[in-house]
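# Survey of secondary and tertiary structure
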Amino acid sequence: MINSLILSVILITSSIFQLKKVEYNNNTFSMIKKYYYIEKNCEFCSSMTESFSFTIERINIFLKNNPSSIASSFILKKESDLNYHLTSNHVCESLYDKETEEKEKVYIDSMLSKSFLFYEVYKSSFIIKSKIVLEDLNKKEHKFLKIKKRKEIEDVCIFNSEGSWGKTVILSEKEPLPGDFLYNITGILGLRPEKNFIIFIGIYAGSKNNHTFLSTVYAKPGSSGSPVFNVNGKLVGAIHTTFEGIKNVSMSTKISVIKNILNSK
C-alpha cells in the first residue's frame with residue numbers, strides 16, 4: 001500500500017514536471033490527414049445547376065470528414081521558414097503510393113455511389129483527388145510540402161512544411177533504461193480534446209533490435225509517428241508499430257537512429 005502510494009506520488013510529480021518541460025500545447029505536434037475531394041471538370045461548368053454545386057459541396061464535406069489516413073508527427077528542426085517534421089515511413093508510403101491511391105479511389109467511388117444519388121448522374125463531370133494536410137493544435141491546416149528523407153527499415157520519414165508555427169522538440173542525450181517512465185503525445189484515431197493532444201504513459205521495456213525499442217505505451221492507428229518523451233521532456237523515440245491484440249505494447253524508433261538520420265546528408 002505504501003509502495004503504491006509512493007509510486008503514485010512519483011508518477012504524478014514526474015508527469016507535471018514532464019508536461020511543463022515539453023510545453024505540449026505550443027503546436028510542436030501535428031496530425032497528418034489525407035482526405036479526398038472532388039474537383040469539377042470545367043468543360044461542363046456552363047451546364048452546372050445550383051443543386052449540382054450544392055451536392056458537390058456536400059460530397060466534399062463528407063470526404064473531408066472521412067480521411068483515408070490519419071497519423072501523428074512532430075517538428076524535429078527548423079531551417080529558415082521551413083519546419084522539418086518526423087513521422088513513420090509507412091505513413092509516407094500510404095500518402096504517396098500510386099497503387100494504394102487507385103484502390104482507395106475505387107473504394108470511394110463505390111461508397112459515394114451508394115450514398116449520393118447525384119453522384120451516379122454527374123460523376124463524369126468531376127474527378128476525385130486527394131489532399132494531404134497537417135493539422136496543428138488549433139486544427140489549423142498547413143501545407144504538406146515535400147518528403148526529404150525516408151528510411152524503410154527504421155520506419156522513419158522526414159518531411160517539411162512552411163511557416164513560423166510550432167516549436168522543435170528537445171532531443172535526449174541518451175536512451176532510456178528499463179523501468180523508466182515514458183510519455184507519448186498523439187492524435188490517436190484522430191481523437192483529441194479541445195486545444196490539446198492525448199497523452200499516454202508507459203514504461204520502457206528494452207531494445208528489440210539496434211533501431212527499435214519496446215514499451216508499454218498504448219498505441220492504435222493514428223499513433224504512428226507520434227513522439228515518445230522521458231520524464232525530463234526530451235525525445236527518446238517515435239512510435240511506429242503496435243501488436244494486434246496487445247495494444248499497450250508498442251515499438252518505437254530509437255533516438256540514436258533519429259539523430260543519425262537527422263544528421264545524414
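As shown above, the structure is provided for reference.
Read on for an overview of the structure.

Parameters at a glance
Residues numbered from 1 in each chain as written. Predicted model: local features only at pLDDT ≥ 70, side-chain atom pairs only at ≥ 80, totals over all residues. Heavy atoms only, no water. Core = buried A, V, L, I, M, F, W, Y, C linked by side-chain atoms within 4.5 Å. Buried < 20%, exposed > 50% of the residue type's maximum accessible area, 1.4 Å probe, protein only. Helix = DSSP H or I, 4+ residues; strand = E, 2+ residues; numbered from the N terminus. 1 Å grid on protein atoms, 1.4 Å probe; cavity = no way out; pocket = protein on both sides within 12 Å on 5 of 7 lines; lining within 4 Å. Points joined across faces, edges and corners; volume = space filled by probe spheres on them. Nonpolar A, V, L, I, M, F, W, Y, C, P; charged D, E, K, R; others polar. Pairing = 2+ DSSP bridges. Axes fitted to C-alpha atoms, helices over the stretch in contact; angles between N-to-C directions. Contact = heavy atoms within 4.5 Å.

## Some remarks on the nonpolar core
Side chains of a nonpolar character, in soluble globular proteins, are inclined to be buried together. With 20 residues, the main nonpolar core has Phe 74, Leu 76, Leu 86, Ile 158, Leu 235 and Ile 258 as its most contacted residues. Looking at this core, the elements that each hand over two or more residues are β1 (29-40), β2 (69-79), β3 (82-87), β6 (156-162), β11 (235-243) and α6 (255-263). Among the elements that take part in this core, α6 stands out by supplying five residues, more than any other. Core analysis: the second largest hydrophobic core is formed by twelve residues, Phe 52, Ile 59, Leu 63 and Leu 112 among them.

## Here we look at the layout of surface pockets
As a volume, the largest pocket reaches approximately 210 Å³. Lining the largest pocket are 14 residues; nearest its centre among them are Lys 174, Pro 176, Asp 180, Asn 230 and Asn 232. In the lining of the largest pocket, the residues fall into five nonpolar, four polar and five charged.

## Considering the sheet that holds strand β4 (residues 126-135)
Strand order around the closed barrel formed by six strands is β1-β2-β3-β6-β5-β4, with antiparallel pairing between neighbours. Strand-to-strand twist in this sheet, taken as the mean axis angle between neighbours without regard to direction, amounts to 45°. With five bridges connecting them, β2 and β3 associate as antiparallel partners. Considered in β3, the bridge of Phe 74 is made with Leu 86. Its contacts with the sheet put helix α3 (residues 89-96) on β1, β2, β3, β4, β5 (141-151) and β6, and the angle it makes with β5 is roughly 115°.

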